[in-house]
Amino acid sequence: MTEAEVGRGGCSGADSGCGAAISPPLQPAGPVMEVQDAGQEMVASSVTPGSGKSKLDTLPKEDLIKFAKKQVMLIQKAKSRCTELEKEIEELRSKAATGGADDIIQALTERLDVVLLEKAESQQQCLALKKENIQRKQEAEAAVAKTEELQKQPEQLSIDSLKERKALKSELANAQCKHNEDLTKLKIELEEQVKKQMGLVEQIEHHSDSQKEVKRLQDYIQRIKSTYEEQILCLSKQLETVNEDKNKEVTNLQETIKSNSQCYHNEINNLNEELKKLKIAHQEEVSELMHQIEISCKENEEKQNQINQLQHNLAEEGFIKEKNAKDEMCAHTDQREYDLEQLREVLNKNVESKIDLVDSQEEPCVEAKMEEKVRHLEHSLEELQSQHSILKDELTYMSNVKLKLEEEIHRIKDEYFHEREDLDFKINELQLTKEDYCGVIEKLKLELQAARQYCETAVKEHKLETQTLKEQHKREISELNETLLSGSEKEKMALVFEMQELREQLEKLTQEKEEAVSSYNSLRETMETLQTELGESAGKISQEFESMRQQQASDVSELQQKLRAAFNEKDVLLETVNRLQEETEKLSSNLLEIEELKCKIVSLQEENNTITSSLTAVKELEEKIVALTDQNKDILNEVKCLGEERENLQERCKQEQRKVQELQQEVGVANQYNSDLKKKVAELTERLNEALTRKSENAQTLEQLENQIETLVRERENLSSEAYTLREENKKIIQEKGELSEELEKFTSEKDGWLVLKEQSENLEKNLQMMTAEKDHISTLLESEKAHRSLVRTQLYHLLEQVGSSVSDADEEYDSFNLLQIANECLAKMKEEQCLAVQNEEKVLHLQREVERLEEENAAQYAEHRSLIQDFEKEKDLLREELEGVLSEKEALQHDIQELKNASEKTRIENQDLLANTEEIAQKLAFYESQIQEQQKGSENQDDLNLILEQKETELRNVKDELSSLKNLMETLTEKTDQQSSVAELQEKIGRLEKESAEKGEKLNKIKVVAVKAKKELDASRKEMQTLREELELVRSEKDQLSASMKDVIQGAESYKNLLMEYDKQGELLDSEKGRANNLERQVDDLTRQLQVSSQQHDQLRSANEDLLARVETLQCNAKLLEAQILEIQRAKAKADKELEAEKLLKEQKTKEHSGALREMEELQMQLQKEKKHLQKTLQELELARKDAQKSTLMDMEIADYERLVKELNQKITDKDSRIEDLEQETGIQKQKQETLQEEIKSLQSAMHQDEDRNAKIKQLLVKTKKELADSKQAENDHLMLQASLKGELEASQQQVEAYKIQVAVLTSEKHKVQEHLRTSSEQHQRTLSTYQQKIATLQEECRAAQAEQASVTSEFESYKVRVHNVLKQQKNKSASQTESEGAKQEREQLEMVIDQLKVKLQDAQHNSQMNASELQALQSEHDTLLERHNKMLQETVAKEAELREKLCTIQSENMVMKTEHAQALSQLTAQNEALRNNFRDQVRNLQEEHRKTVETLQQQLSRVEAQLFQLKSEPSTRGPAVSNPATKNLRERRNTDLPVLDVHTVAREEGEGMETTDTESISSGSTYVPSLEQLLNSPEAKLEPSQWQTELTKDELIQKLNTTAKSADHLNELLRESEATNAILMEQIKLLKNEIRRLERNQEREKSVANLEYLKNVLLQFIFLKSGSEKERLLPVIDTMLQLSPEEKGKLVAIAQGEEESTSRPSGWASYLHSWSGLR
């Protein structure tokens, strides 16, 4: 590297020299080329590290080693090159002596060229190195700044740690102050309690009077005691028998449960297999169904095409038939007229033949026959006509009826299918509700079967319906074929049959509908009952299987997953079934398609059958479930108890599991933290390994410092977190005063460890400072190197300059030699620097290893401390968890005790006398206890009295427990008055207890005597203690003289101190127990008050809830009644609608009959007129015959015959006249009938109006009822919302009650915790006192031993002095023995050292043994306390079990009472429901009867109306054109008047073109609002009033069409008017715009000519002053071109120029335009 740098020296600086140097042809040798190659390689190698520093940093070890080897190889090549150069220089020197100067000069020039090239390269390298040095300086400055910051950080950390220590010390001082304050407060409370005890003594004196009353009551109790004892014995026997029975039942139940569980396992396995089979079958069925559906879809499409073709064919055939019928009718009429004409001709011929005939006898008989034939033919004609008209009417009527019946059938079918779908939907909903109770596995199987059965039934029903529809369709087709083939009679018969069949179908459909509705109602009722039963049974069964769920959880979860899959498949099946149902409904509407759907319906039938069978199985299984529920009721009661206990245990387990999980999480966090630390350590090691190979030492040191600082920061954070934890623990330690000393020692040890760590960190910081110092040293070395390099560069430059200047001089050899010497020196220096760098790197590695070792040691120590802390914390947590478990159990027991206390408060009212007595006894006992405790101080019989008192207290507690149990029994006895024997037994028991209390009172009196004696002894002992104290003071004064006697005195003082300490402890315990008792009493009173308040609130809420429930029930009943009424009203409405439709049909029939009768009347009138004409013709013929008879005289005889004939004809005429008169009379009668019918029609119209009014009223009532229904629904919703809100409030109140209970439990738990904390603190105080006493004893012994040792040492020292004097004397005498004495001294000193070490070890062993002994005592005391707690817990659990059993019994009794009440409520509701049903049935019957009556009256009125309907039909045909004509006239008039007239003369004069004009306002069409066509069509017209009687649709449609056409015509006319007006306006605007555009164009062109104003002025002056004529006309084109005139203006000017215009209308003329021009006037 260095050689390359030197070689690159000065290319830039020597470029001029290179150019100026003489360059003869070079002859490069081998070594010269090698030097160049080496130089190039060095360039490449030096450029790469200089430019790519980041690459070197990222390179691994192996690549760095390779790179270093390459650099070493390059250095070696440079060295070899230098040696070659030196050899060549020596050769040149030798040649210089022999050869000439020219050769030397050539060689030197060649070498100079090479040197100049290398100088250029070295200069480039120097520049690169300068840049690198600048960067390194910057990095070094940054590193120095960072190091300063890092040095400041540990100082700040140390300051912060000192502050934290000070804060901790201040907190400890505050805690100690608080502790002292608490102690002072406790002392003050002790004094107050002493005063209270004095007051209690006075109260006891008052209670002495009440003892007499107690004795009386005791006598009474002894009397009752015997009876109670007997009752108690009987009850105990009964209890034993009951317990035995219960045990037997429990065993039986356990056996049954086991057997049931096995059965359920088997059933579950079977169900799994069945489910798999069902899945496979279901998949196959689904695939088949899909295939069938595809086939059916194709068939449906084909059938639809066929149906469309058939409908088209039928329509064509019907049209052809109608045409044929019309043609036949026309042919019949023609034939009849033709027959009549033939008959008339025959008659005429017969008359003429009769004249010719002679036989007068034969003629009358022939004429009679002919007349009879004519009459017969006429009669037959009339009959045929009447029959034909009747048949036509019947045909039309039957076709209408058929259409309506078909529509009704379709509508009924649609309704039926909709109802069926609704029923299916509801059944599906009910099945889904069943599925919610699928906790039991049996029900799941049943539901699957039920679903299949339902599908099968649905398919069956659809098949039946399709079959019935097919049969109907076949019948209809056959009947249609018969009607097509046969004539009118066959059609009539077929129509009659169709009517009958359709009516039968209607009846069947109505029956089916009613049956479906009834079946739906029954299904609904059954499903409701099933829901209720299922709800009850599900609740019970869920409670039963709570115990089994734990065992079967995994199986049930798997089954549930399978069942969910099955249910999903079932849902898919149901969807497919619904789709199939919809398709079948569509197919049922297409009657011809049904024949080809048999395959699908068969499959659906099979599924339906399976579903029906499954439904039956469901019912049977439901019955079995009901039986099982009855059997399992007894099991449920006991299973509940077990479930509750298990739930409690599960909750405890869950709590413990949560705690364990929390601990595991903490452990996991610690492990993660350790793993993170390990990872960080690994990363640091990797970074250090990478940093070994780097050349940039400053970057390495900086990274190491940063990593170390990060670790220090983390350690500081850890220390801060641990300091926070230590603060919390210190707070806890302040509370737990006994554990202060041990934990403080631990923490002090930990703090020492941390101090050690901090010292190590300080050592590391020192090392870092050393490293920075070394770094500074290296930087100085670099600077020295830079200075050296600068010197070398200056020397080289100087040498080169010399060489360049003295080419011809003889000193060039010496200069080149100096250059080579300098290069060699540089190489040597570079080698030394490399060696130094290697040494520095080794030192850095060594320091890094030391740092790593120290870090590992720190981490190990930290892990050890952490593990110790974790162990202590785990032990603490375990102890706390145990305490919490015990406390939670105690809290539960106290909660039960509080409930019992609430129960006892109720019985206190009944048993006040007993409570008063017991309270007095308790107060006396408390007083005696206080006296005894006061007398116990300092006495020897103190332990015995404490034991006796504890026994008495336990006996009193037992007595109180027995009294509470007796009170509970008394409560039960007050409820059950029949059990008098149990009352007697209880009374006996109370007497016995009272005797026991009397005996205990006597014992207490004895104890009093003993206490008095103890008091006296205490006084004596106090006096003795005072004397002992005086003696002690004397002993202390004489202590200096008598050390031996001091030991005895100290022992006596220690025993006395122990006694005093015990005395103080017992006093403090008494005071604390008294304080506890008072606090407990207060808390109990507060809790009782709170419970009373909460019980009152609970009662109030319960009453409010019952009221709300009653209201809700009433509202539900009302809602059900309203729903029933609505349903009945809807049914009545439907029936009324049907009857109205029937009445409309009857009306239509009667109108048709009326029209037929009117037609017959018209035909009869026509026949009458024809007959009159015929008679007139015959009379004329007769007159002609008479005239002929008068002319002919020969024919007299024949005239006579004719006269006879005339007479006969006259007789016929008279007969016909009589007939005519009869007919006229009949016509009059018919007119009268018409009038009567018109009157009847009017009456019917009035009746119809009345009916319409009634209908309107009924509709209003219906609307009102709907509104009321909506209101009732809203009210129901509001009530439901209220109910929900009330439920929410209830739940909130219950939650509050539970929260209060929880708070009470928390308070009790806190109380217990405080009590236990006090106990533990007292115990710990005792332990600490005992340890301190032991320590004092050990210290005293050590003091004695030290004093003894001191005495022995003083004696030895005196003897030693004597010996020394003797030895000195002997030394003078015996110098030879000196060596031996020195050896003895050395041995003695060694022995003394050994003795000292042994003494130290002995002391340590004694100290350890004392510590072990104290720990043993503490552990034994803890063991005793734990045993006591365990025994108490056992007793409490036994009591709790008894209480829970009693609760079970009460709950069972309450359950039975609730069941009976529920059954009574059900019976009452069923009775109410039946009564309401009967009432509604009666109302419906009355409504039906009234409806029938109204229908009959309407039918009678309709028969009258039929006559007037024909006239009403004929009226609109005459009115139509009359209405339309005036409308058109009005339109024309409007069109003429509305168009605006444009007057050309009224338009204002055009303004001058130079003036400013405003836009003309557009002439609007007048503010006429033209409505749209839709508004006109929809708006009602006032002129065209509709007719009063709108019976037929044709009339209404015609009126509507007329109205719409008139409105559309009006609208079109108005639109035309508007369009014309707008067109005119637009034309005017277009003209104005064109004129304006032209004017603007002219103005633009004028601007061009305006430039020559003088010419224009001259032209205008000539035009004005010249006379009219040719000269003026010549000027016009000039003016026109100059001014660009308009054609009008041009025309005016032409007229002026010709002199023709003498403007009368405008006298001003051009002067008006030229008034402002100068020089004109």
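Please read all numbers here as calculations on a predicted model, not as lab measurements.

Draft legend 1. Focus on the packing of helix α24 (residues 1653-1665) against helix α25 (residues 1670-1683). The contact between α24 and α25 brings their axes to 10 Å, and the two run at 145°. By crossing handedness, the relation of α24 to α25 is classed as left-handed. Across the interface between the two elements, Tyr-1655, Leu-1656, Val-1659, Leu-1660, Gln-1662, Phe-1663 and Ile-1664 of α24 pack against Lys-1672, Leu-1675, Leu-1676, Val-1678, Ile-1679, Met-1682 and Leu-1683 of α25. Looking at the contact of α24 with α25 residue by residue, the classes come out as 12 nonpolar, 1 polar and 1 charged.

Draft legend 2. Local environment of a nonpolar patch on the surface. Taken together, Leu-1626, Met-1627 and Ile-1630 make up a surface patch of nonpolar side chains, about 270 Å² in accessible area. Topologically, Met-1627 is positioned in helix α23 (residues 1593-1649). A relative accessible area of 48% means that Met-1627 is categorised as partly exposed.

Draft legend 3. Inspection of a positive patch on the surface at higher detail. Together, Lys-163, Arg-165, Lys-166, Lys-169 and Lys-751 line one region of the surface with positive charge. The dominant element in the positive patch, judged by the number of residues it contributes, is helix α6 (residues 101-356), at 4 residues. Mapped onto the fold, Lys-163 is located in helix α6.

Draft legend 4. Representation of the pattern of salt bridges. All chains considered together, the criterion is met by 15 salt bridges. As a salt-bridge pair, Lys-404 and Glu-1148 come within 2.8 Å of each other at their nearest N and O atoms. Here Lys-404, found in helix α7 (residues 362-436), pairs with Glu-1148, found in helix α18 (residues 1043-1191); they are 744 residues apart in sequence, far enough to count as distant. You can call Glu-1148 partly exposed: its relative accessible area is 33%. Residues participating in the shared-partner salt-bridge network are Glu-1323, Arg-1327 and Glu-1422.

Draft legend 5. Region of interest: the nonpolar core. Counting 10 residues, the largest nonpolar core is built from Met-398, Val-401, Leu-405, Ile-409, Ile-412, Leu-495, Met-499, Leu-502, Leu-506 and Leu-509. Counting residues per element, the ones that place at least two in this core are α7 and α9 (488-544). When near neighbours in sequence (up to four residues on either side) are disregarded, Val-401 contacts Met-499 and Gln-1149. Phe-1663, Leu-1676, Leu-1693 and Ala-1697 belong to the second-largest nonpolar core, a separate cluster that totals 8 residues.

Draft legend 6. Molecular detail of unusual backbone geometry. The backbone of Gln-1684 shows a phi angle near 55°, a positive value even though the residue is not glycine. The topology assignment puts Gln-1684 in the loop between α25 and α26 (1687-1698). Owing to a relative accessible area of 21%, Gln-1684 belongs among the partly exposed residues under this scheme.

Draft legend 7. View of α24. Between the first and last C-alpha of α24 there are 18 Å, a value that for 13 residues agrees with the 18 Å anticipated at 1.5 Å per step. Every buried residue of α24 is listed here: Leu-1656, Val-1659, Leu-1660 and Phe-1663. Buried residues of α24, viewed axially, fall in a sector of 95°; they line one side. Seen from the open side of α24, the exposed residues pointing more than 90 degrees away from its buried face are Glu-1654 and Phe-1665. Where α24 is buried, its residues contact α25 and α26.

Cut-offs applied
Residues numbered from 1 in each chain as written. Predicted model: local features only at pLDDT ≥ 70, side-chain atom pairs only at ≥ 80, totals over all residues. Heavy atoms only, no water. Axes fitted to C-alpha atoms, helices over the stretch in contact; angles between N-to-C directions. Helix = DSSP H or I, 4+ residues; strand = E, 2+ residues; numbered from the N terminus. Left-handed = near helix turned anticlockwise from the far one by under 90°. Contact = heavy atoms within 4.5 Å. Nonpolar A, V, L, I, M, F, W, Y, C, P; charged D, E, K, R; others polar. Patch = residues over 30% accessible without salt bridge, like charges linked within 9 Å, V, L, I, M, F, W, Y side chains within 5 Å. Areas by Shrake-Rupley, 256 points an atom, 1.4 Å probe, with all protein chains shown as cover. Salt bridge = Lys/Arg side-chain N within 4 Å of Asp/Glu carboxyl O. Buried < 20%, exposed > 50% of the residue type's maximum accessible area, 1.4 Å probe, protein only. Lys, Arg positive; Asp, Glu negative; His and termini not counted. Charge placed at Lys NZ, Arg CZ, Asp CG, Glu CD. Core = buried A, V, L, I, M, F, W, Y, C linked by side-chain atoms within 4.5 Å. Expected span 1.5 Å × (residues − 1). Arc of directions from axis to C-beta.

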